[in-house]
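Residue-level structure breakdown
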Amino acid sequence: MCGIVGYIGNKKSAPILVEGLKKLEYRGYDSSGVALLTDKKIEIIKAEGKLKNLVEVLANYTSAQNSSHIGIGHIRWATHGVPNELNAHPHMSNSERIAIVHNGIIENYKELKISLEKQGHKFYSQTDTETIVHLIAQEKKSAKDLKSAVQNALKKIQGAYALCVISLDEPDKIIVARKNAPLLIGIGEGENFIASDIPAIIEHTKKAVYLEDDEFAIVKNDHYEIYDVLSGTKIEKTPEILPWEPIALSKNGYKHFMLKEIHEQPDVIRKNLFNRLVAIDRPIILNEVKLSPENLKNLERIQIIACGTSMHAALVGKYIIEEYTGIPVDVEASSEYIYRNTITNAKTLVIGVSQSGETADTITAIRQAKAKGSHILIITNRADSTMARDADSLICVDAGIEVSVAATKSYTAQLMSFYLLMLYIAETKGCIKTEEAAKIKEQMLQLPQKLEEVLSHKEKIKECARIFANSKDFIFIARGINFPVALEGALKLKEISYINATGYSAGELKHGPIAMLDETMPVLAILMKGRVYDKILSNAEESKARHARLIALTSSTDENLKSIFEIIINVPEINEILSPVITTVPLQLLAYYIAEFLGKDVDQPRNLAKSVTVE
Ligand code: M6R
């Protein structure tokens, strides 16, 4: 997490840095700061909290702003040290001649800190990052220049980093480095830019080079040189043209990005089906899958690795792939996958699912699987991400940029990728009847319209939000294909409202969680017509008998439900296997309206970041 930007050229650096940081706020908003290099000094300006606080403070530094044409900036998601001004980046050497910004985690910072303190360096923050600047300063004492000092320091640090370094002694350059954290150099005319992600620089240039792990670069205003950290060898790279247009991010009249993004879902589905599902009697076209039909038929298993909401989409994927292709599927949180001996080989298809394509745990997991010979299929919303670059097959979900930290439309788009993939595999293997596939496809094509129906009847959801907004806890129950939706509904609610929400398999309630039920506990049951309808209804009755307050999210119009449920949120009927698309959206809205009712920061909930780039 954290976002970094850098500028070197003839323009004033501060506004470019601030604008860049604005585009990176999705990576964290605990604090922000800039270091502006002027003739006389490095001016460090920082503020706790959101970027707007930095903008206010910056107004007091007009002289530095007017005279600085080189600068680095940072937006922080705290890892080491509380989110306050002291721990905000940039960090400076004791001589105040070197400043750095950092994204990542330095794992051996404690040992380094002890040794640096012994050598006289005084630390002011609780961050791991501060170690790097003191280490560079220490190396600088014996190195011939800043480049060698940085290179020597990089050899001594372990962990993940994207770094920008500036020095008063060599005011014509920014030194940047990368290991397991994204960084790109945007190439301009007589000016260059550095950023963690494209949106921060796309207004200025479409030409860029990506730094790879263990590379560092000297960036001047008219050129850049890239080197290998270990060998010091110079690396030639041809700049790429970024696949992006500058976009003005707008809420389109909605109060929050989250609400806007929820409403974009019908169109997201249309986009994902376009050119892939061309007719219900024609096979799915998924040219993105590069596994040969032969290899696909010979697959022994599939492993899906993801985190958070993406993992919930993966759980739906497991359900449908197993149901229709007969291939065993495991879903695992990336953070668990990476610290055990996973049984993965060339006959395992490994699917990484990630909105951002930058989630550190998922990147590590897919690289681990790749090393064992598995074909890596990535489902992501970012075709330019690290995961996309590592992929053997890449399905870009095309949800469009998602600003709200709480994922909504990217999840629906991921679900669509799984439906398409499931049909593609089943049709390639010949294990689904044409009529059955046609029935599913027909209903898939109806999904946008049915979702529009859901989105135009929000009264009940708002009423439910109003009634239950002050609940301390919230339980979601479901079974079968909607169990992941119960998990997702709970995640959405806790992310943005901070209510302690949990999703349970309805059948598991009686094995423990039922003990928590009383007249204060809302239990929302996802009750879609299909094979487990009656079972969930019984579980809901069991909850009712323990005095819980029952809410139904249902496609049933059975009048008898009124005697069990305090609130009934109706959704259109749909083939059960597609129902997660329909059931998730009311839960996104419920979370939204509860958070909004409570006056929470919906788009940027506390403690979170959109892209989790640390393990
Ligand atoms: O970018 P990714 O899909 O890999 O991110 C995974 C999770 O961090 C993400 O889904 C997170 O749980 C969201 N905030 C959910 O709303």
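For the structure itself, consult the block above.
Below you will find a few notes about this structure. What you are looking at is a predicted structure, and each value in this text was computed from that prediction instead of being measured.

Once that is clear, we can look at the environment of Ala35. Within the secondary structure layout, Ala35 lies in strand S2 (residues 31-37). Ala35 gets classed as buried once you look at its relative accessible area, which sits at 0%. The sequence separation of Ala35 and Ile45 amounts to ten residues, and the corresponding C-alpha distance is 6.4 Å. In contact with Ala35, not counting residues within four places along its chain, are Ile42, Glu43, Ile44, Ile70, Gly71, Ile72, Pro90, Ala99 and Ile166.

Strand order in this open sheet of five strands is S22-S21-S23-S24-S25, and the pairing throughout is parallel. The sheet terminates laterally at strand S22 (500-505) and strand S25 (567-570), the two strands that pair on one side only. In this sheet, neighbouring strand axes are inclined to one another by 20 degrees on average, regardless of whether the strands run parallel or antiparallel. Pairing geometry for strand S24 (residues 549-554) and S25, over four bridges, is parallel. Each bridged residue has a counterpart across the sheet, and for Ile551 the counterpart in S25 is Ile567. Against the sheet, helix H16 (residues 459-468) makes contact with strand S21 (473-478), strand S23 (522-527), S24 and S25, and its axis sits at roughly 150 degrees relative to S25, the strand it touches most.

Where charged atoms of side chains with opposite charge meet at close range, the side chains can pair. For the structure shown, the criterion picks out 40 salt bridges. Asp214 is the salt-bridge partner of Lys179, the closest N and O atoms lying 3.4 Å from each other. Of the two residues, Lys179 sits in strand S8 (residues 174-179) while Asp214 sits in the loop between strand S11 (207-210) and strand S12 (215-219), which places them 35 residues apart along the sequence. Between Arg276 and Glu288 there is a salt bridge, with its nearest N and O atoms 2.5 Å apart. With a gap of twelve residues between them, Arg276 in the loop between helix H8 (265-273) and helix H9 (293-297) and Glu288 in the loop between H8 and H9 connect regions that are remote in the sequence. Each of Glu170, Asp172, Lys173 and Lys220 takes part in a single network of salt bridges with overlapping partners.

What follows concerns the site of the ligand. Around the ligand, the surrounding shell holds 15 residues, and the nearest of these are Ser310, Ser354, Ser356, Thr359 and Glu495. Taking 410 Å² as the accessible area of the ligand by itself, protein coverage stands at 91%. Counting only elements with at least two residues in the shell around the ligand, the list comes to helix H10 (308-325) and helix H17 (483-497). Of the residues contributing to the shell around the ligand, the split by class is six nonpolar, seven polar and two charged.

With that settled, consider the pairing of strand S6 (residues 98-103). Where burial is concerned, most of S6 is hidden: six out of the six residues are buried. What you see with S6 is no split at all: Ile98, Ile100 and His102 on one side and Ala99, Val101 and Asn103 on the other are buried throughout. Of the pairings in the sheet, the one linking S6 to strand S7 (residues 161-167) comprises six bridges and is antiparallel in character. Across the sheet, residue Val101 finds its bridge partner in S7, namely Cys164.

Turning next to unusual backbone geometry. Most of the time, phi is negative for any residue but glycine, and the peptide bond is trans. A cis amide bond, omega 0 degrees, links His89 with the succeeding residue Pro90. Counting through the fold element by element, Pro90 comes out in the loop between strand S4 (70-76) and strand S5 (91-92).

Counting 93 residues, the largest nonpolar core has Ile302, Ile351, Tyr419, Met444, Phe474 and Phe476 as the members making the most contacts within it. Considering each element in turn, this core owes the most residues, 13 residues, to helix H14 (residues 409-429). Residues in contact with Tyr419, not counting those within four places in the same chain, are Val316, Ile320, Met444, Ile577, Leu578, Pro580 and Val581. Listed in part, the 29 residues of the second largest apolar core include Val5, Tyr7, Ala195 and Ile198.

Before going further, it helps to examine the packing of aromatic side chains. Per the stated rule, a full pass over the model turns up five aromatic pairs. Centroid distance Tyr592 to Tyr593: 5.2 Å. Interplanar angle 75 degrees. Geometry classified as edge-to-face. For Tyr593, a relative accessible area of 12% gives the class buried. Taken together through their ring pairs, the aromatic side chains of Phe468, Phe474 and Phe476 make up a single cluster. Across from the ring centre of Tyr29, 5.4 Å away, lies the NZ or CZ of Lys50, which sits over that ring. Looking at Arg389, its charged tip hangs above the ring of Tyr210, at a distance of 3.5 Å from the centre.

Here helix H18 (residues 533-545) spans 18 Å end to end across 13 residues, near enough to the 18 Å set by a 1.5 Å rise per residue. For H18, every residue scored as buried is listed here: Tyr533, Ile536, Leu537, Asn539, Ala540 and Ser543. Burial along H18 is one-sided: seen end-on, the buried residues are contained in an arc of 160 degrees. Looking at H18, the residues exposed on the side facing more than 90 degrees away from the buried face are Asp534, Lys535 and Ala545. Buried-residue contacts for H18 involve S21, S23 and S24. Taken from the residues just after H18, His547 is the one with a positive phi, measuring 70 degrees.

Parameters and conventions
- Residues numbered from 1 in each chain as written.
- Predicted model: local features only at pLDDT ≥ 70, side-chain atom pairs only at ≥ 80, totals over all residues.
- Heavy atoms only, no water.
- Helix = DSSP H or I, 4+ residues; strand = E, 2+ residues; numbered from the N terminus.
- Buried < 20%, exposed > 50% of the residue type's maximum accessible area, 1.4 Å probe, protein only.
- Contact = heavy atoms within 4.5 Å.
- Pairing = 2+ DSSP bridges.
- Axes fitted to C-alpha atoms, helices over the stretch in contact; angles between N-to-C directions.
- Salt bridge = Lys/Arg side-chain N within 4 Å of Asp/Glu carboxyl O.
- Near = heavy atom within 4 Å.
- Areas by Shrake-Rupley, 256 points an atom, 1.4 Å probe, with all protein chains shown as cover.
- Nonpolar A, V, L, I, M, F, W, Y, C, P; charged D, E, K, R; others polar.
- Core = buried A, V, L, I, M, F, W, Y, C linked by side-chain atoms within 4.5 Å.
- Phe/Tyr/Trp six-rings, centres within 6.5 Å; stacked < 30°, edge-to-face > 60°.
- Lys NZ or Arg CZ within 6 Å of the ring centre and 35° of its normal.
- Expected span 1.5 Å × (residues − 1).
- Arc of directions from axis to C-beta.

On their own, these measurements won't tell you what the molecule is for.
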